[in-house]
Amino acid sequence: MRRTMVRVAAVSMLLALAGCSAGGGGDSTSREASAPNAGLAQGGTDRNPLEDPQSTFAVDVDTASYGYARRVIQDGNLPDPTMVRPEEFVNAFDQDYPEPRGDGFAVFADGSRPPAAHRTDGDVRLMRVGLQTRSETAARRPDASLTFVVDVSGSMAEPGRLDLVRDALHTLVDELRPTDAVAIVAFSSEARVLRDMTRVSEKADLHAAIDRLRPDASTNLAAGLNVGYRVARDGFREGTSNRVIVLSDGLANTGSTDADTILRQVREEAAKEIALLGVGVGSDYGDALMERLADGGDGFAVYVSEPSQARDVFVNKLPATLEVRALDAKVQVTFDSRTVRDYRLIGYENRAVADEDFRNDAVDGGEVGPGHSVTALYAVRLAGDVDLGAPVAAVRVRWLDPATRNPAEAAHTVTVSDVDRGFEAAAPRFTVDYVAAYLAESLRGGEDAIPLADLRRIADRAADRTEDPAVRELADLVDRADELR
């Protein structure tokens, strides 16, 4: 029974992963190099809208930071603060935003006053910006051409690593369509092709290749990706979703271990419409490398440690489809200096985009699949007595149509009345986002806006209101983190 549960959760995870990104133009190097205000208007720094009215960032659907922190805390330790990214904590949870009718995004915004235990200076509001794509049924997805690049280094022998990967791949082969195709590459100190691109109708050959995955030697991630992309390129099929999916603990220690060097290869291949998706496993996890590779490869990164977590994250949150709703998506929030004294975006530091590059479609954004939500939280200090109808900010999202690569935009205006309700009256999912964000803020060592004991009480109430087991688990993590500090 346990083996069956592992397979069901893991196959759903892998199908969903492959559906969340498509190859897109742009180079994240350009985004980083052209963002002189990165690290200023983002994370932890209050910005005056008279001097810097715009907050601009690339959409991000990564959740690996939360998944890994959850495991570390449950194991009785606090995570490395540098591996804590608040936006990934928030985006790990379900939202209830309305869906658009077509491709692209629906834009949503709300907020509240802070809870009573939140330490503030001045008239502060919490503002939530939400994006939502239209969901899709698995039956309508395009065929898939998936190249799995599997880490079989010695460290992958730990329970919950290669055993989970093998079970996932076996079930994936049984669940995919006969017209889908799978290739398998294994890497340790060197990389080798266990199976070139093979139609799933020949599943016996694929199962045999999966059974040959056994731990051995060190971790040459660069070699695995080089061979994996060659196999994906050789097996490229027009009109299908072509993906490289790397499954690893991210602990590269042989060959090229420099992220920038590996990224150059990834970006070249991503431009050829082969996106990279990262699945992290293991108690020791190379988070920084996996995240940078996924972002540079027009993909995203997740972390999984247990079948039940995989079921929640990937079955409930992500669609079992390989279609894409939006390419190179970016958000720009423009604050009104007549209403707002200062503002702060919580997280998204490494996704910052220069304000002037919001409409520069050569600058990379984020790729988003069907049924995805993206959330950003701001702490906003109002400028004295303001009318409830006064504008706080204008939210704008820009993306490229997956089929035509034509740009499109959607916008939403936020007024004081949208963020003026009391915290107790805020939407249940808004309170979940608050707990996730401020747990992350506490874990990464910033000044505590709210004591963890008070945050736990808010989390308990959110768990009761949502009746969501994932939120109950979040409340338990807050409590455990408080004990460990």
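Here the structure is a predicted model, which means the values were calculated and not measured.

Draft legend 1. Quick peek at the sheet that holds strand β11 (residues 340-345). Pairing in this open sheet of four strands is antiparallel, and the strands run β2-β3-β13-β11 from one edge to the other. If you trace the sheet from one side to the other, it starts and ends with β2 (106-112) and β11, each paired once. Across this sheet, the average inter-strand angle for adjacent strands is 25°, counted without regard to direction.

Draft legend 2. A look at the environment of valine 200. Inspection of the secondary structure puts valine 200 in the loop between β6 (191-199) and α6 (203-211). On the accessibility criterion, valine 200 (1% relative accessible area) is buried. Each C-alpha atom, one on valine 200 and one on alanine 181, is 5.4 Å from the other, the two residues being 19 residues apart in sequence. If sequence neighbours within four positions are ignored, valine 200 has contacts with Val173, Leu176, Arg177, Pro178, Asp180, Ala181, Val182 and Leu206.

Draft legend 3. The arrangement of the sheet that holds strand β7 (residues 241-248) in detail. Across the sheet, which stays open at both edges, the six strands sit in the order β6-β5-β4-β7-β8-β9 with mixed pairing between neighbours. In this open sheet, the two strands that pair with only one neighbour each are β6 and β9 (301-303). Direction aside, the axes of adjacent strands within the sheet are offset by 15° on average. Each of β4 (144-151), β5 (181-187), β6, β7 and β8 (275-280) touches helix α7 (residues 221-234); the most contacted strand, β6, lies at about 25° to it.

Draft legend 4. Highlighting the pairing of β6. Relative to β6, β5 is paired through six bridges, and the arrangement is antiparallel. Bridge pairing in β6 links valine 185 to valine 193. Hairpin connection of β5 to β6: three residues between the antiparallel strands.

Draft legend 5. Highlighting the packing of helix α11 (residues 428-443) against helix α12 (residues 452-466). Running from N to C, α11 and α12 cross one another at 150°; their axes reach a closest spacing of 9 Å. Classed by the angle they form, the pair α11 and α12 counts as roughly antiparallel. Considering only the axes of α11 and α12, their crossing is left-handed. On α12, the residues touching Pro428, Arg429, Thr431, Val432, Tyr434, Val435, Tyr438, Leu439 and Ser442 of α11 are Leu452, Leu455, Ile458, Ala459, Ala462, Arg465 and Thr466.

Draft legend 6. Representation of the confidence of the model for the protein within the structure. When pLDDT is averaged along the protein, the result is 83; 84% of the residues meet or exceed 70. Every residue in residues 1-43 scores below 50 in pLDDT, and together they form 140 contacts with partners more than four places removed in sequence or on other chains. Within the model, the stretch residues 310-321 combines pLDDT values under 50 with 39 contacts to residues more than four positions away or in other chains.

Draft legend 7. Just the nonpolar core, in detail. Phe89, Phe93, Tyr434, Tyr438, Leu439 and Leu455 are the most contacted members of the largest nonpolar core, which totals 39 residues. Mapped onto this core, the elements with two or more residues apiece are α3 (64-74), α4 (86-90), β13 (373-382), α11, α12 and α13 (469-484). With 34 residues, the next largest nonpolar core counts Val61, Ala109, Val392 and Val414 among its residues.

Draft legend 8. The arrangement of the pattern of salt bridges in detail. Taken as a whole, this structure holds 37 salt bridges when the rule is applied. Salt-bridge contacts for aspartate 460 lead to arginine 472; the nearest nitrogen and oxygen are separated by 2.8 Å. Linking aspartate 460 in helix α12 with arginine 472 in helix α13, this pair joins segments that are 12 residues apart in sequence. Taking relative accessible area as the criterion, aspartate 460 reaches 22% and is therefore assigned partly exposed. Accessibility expressed as a relative area gives 30% for arginine 472, which makes it partly exposed. Each of Asp46, Asp342, Arg344, Glu349, Arg381, Glu441 and Arg444 takes part in salt bridges that share partners, so that together they form one network.

Draft legend 9. Region of interest: the packing of aromatic side chains. All told, the structure shown has 11 aromatic pairs when counted by the stated rule. Ring geometry for phenylalanine 335 versus tyrosine 343: centroids 4.1 Å apart, planes at 15°, classification stacked. Judged by its relative accessible area of 4%, phenylalanine 335 falls in the buried class.

Draft legend 10. The arrangement of the environment of histidine 170 in detail. Secondary-structure assignment places histidine 170 in helix α5 (residues 162-175). Looking at histidine 170, its side chain comes within polar contact range of the side chain of aspartate 211, at 2.7 Å.

Draft legend 11. Main features of the pairing of β2. A large share of β2 lies buried, amounting to six of its seven residues. In terms of strand pairing, β2 meets strand β3 (residues 124-132) through seven bridges, oriented antiparallel. In the strand pairing of β3, phenylalanine 108 is matched with glycine 130.

Draft legend 12. Focus on unusual backbone geometry. Residue arginine 405 is not a glycine yet carries a positive backbone phi of 65°. With respect to the helices and strands, the residue arginine 405 is situated in the loop between β14 (391-400) and β15 (407-415). A positive phi is found at glutamate 467, a non-glycine position, where the angle reads about 50°. Residue glutamate 467 is classed as exposed on the basis of its relative accessible area of 69%.

Draft legend 13. Just α12, in detail. Its 15 residues give α12 an end-to-end C-alpha distance of 20 Å, which sits within 8% of 21 Å, the value for a rise of 1.5 Å per residue. Residues of α12 that are buried: Leu452, Leu455, Arg456, Ile458, Ala459, Ala462, Ala463 and Thr466. Mapping the buried residues of α12 onto a view down its axis gives an arc of 165°, with all of them on the same face. Exposed side chains of α12 directed beyond 90 degrees from the buried face belong to Arg457 and Asp464. Tucked into the core, α12 has its buried residues touching α11 and α13. Trailing α12 by a residue or two, glutamate 467 shows a phi angle of about 50°, which is positive.

What counts, and at which threshold
- Residues numbered from 1 in each chain as written.
- Predicted model: local features only at pLDDT ≥ 70, side-chain atom pairs only at ≥ 80, totals over all residues.
- Heavy atoms only, no water.
- Pairing = 2+ DSSP bridges.
- Helix = DSSP H or I, 4+ residues; strand = E, 2+ residues; numbered from the N terminus.
- Axes fitted to C-alpha atoms, helices over the stretch in contact; angles between N-to-C directions.
- Buried < 20%, exposed > 50% of the residue type's maximum accessible area, 1.4 Å probe, protein only.
- Contact = heavy atoms within 4.5 Å.
- Parallel < 35°, antiparallel > 145°, perpendicular 65-115°, else oblique.
- Left-handed = near helix turned anticlockwise from the far one by under 90°.
- pLDDT = per-residue confidence, 0-100.
- Core = buried A, V, L, I, M, F, W, Y, C linked by side-chain atoms within 4.5 Å.
- Salt bridge = Lys/Arg side-chain N within 4 Å of Asp/Glu carboxyl O.
- Phe/Tyr/Trp six-rings, centres within 6.5 Å; stacked < 30°, edge-to-face > 60°.
- Polar contact = N/O pair within 3.5 Å; in protein donor to acceptor, adjacent residues only side chain to side chain.
- Expected span 1.5 Å × (residues − 1).
- Arc of directions from axis to C-beta.

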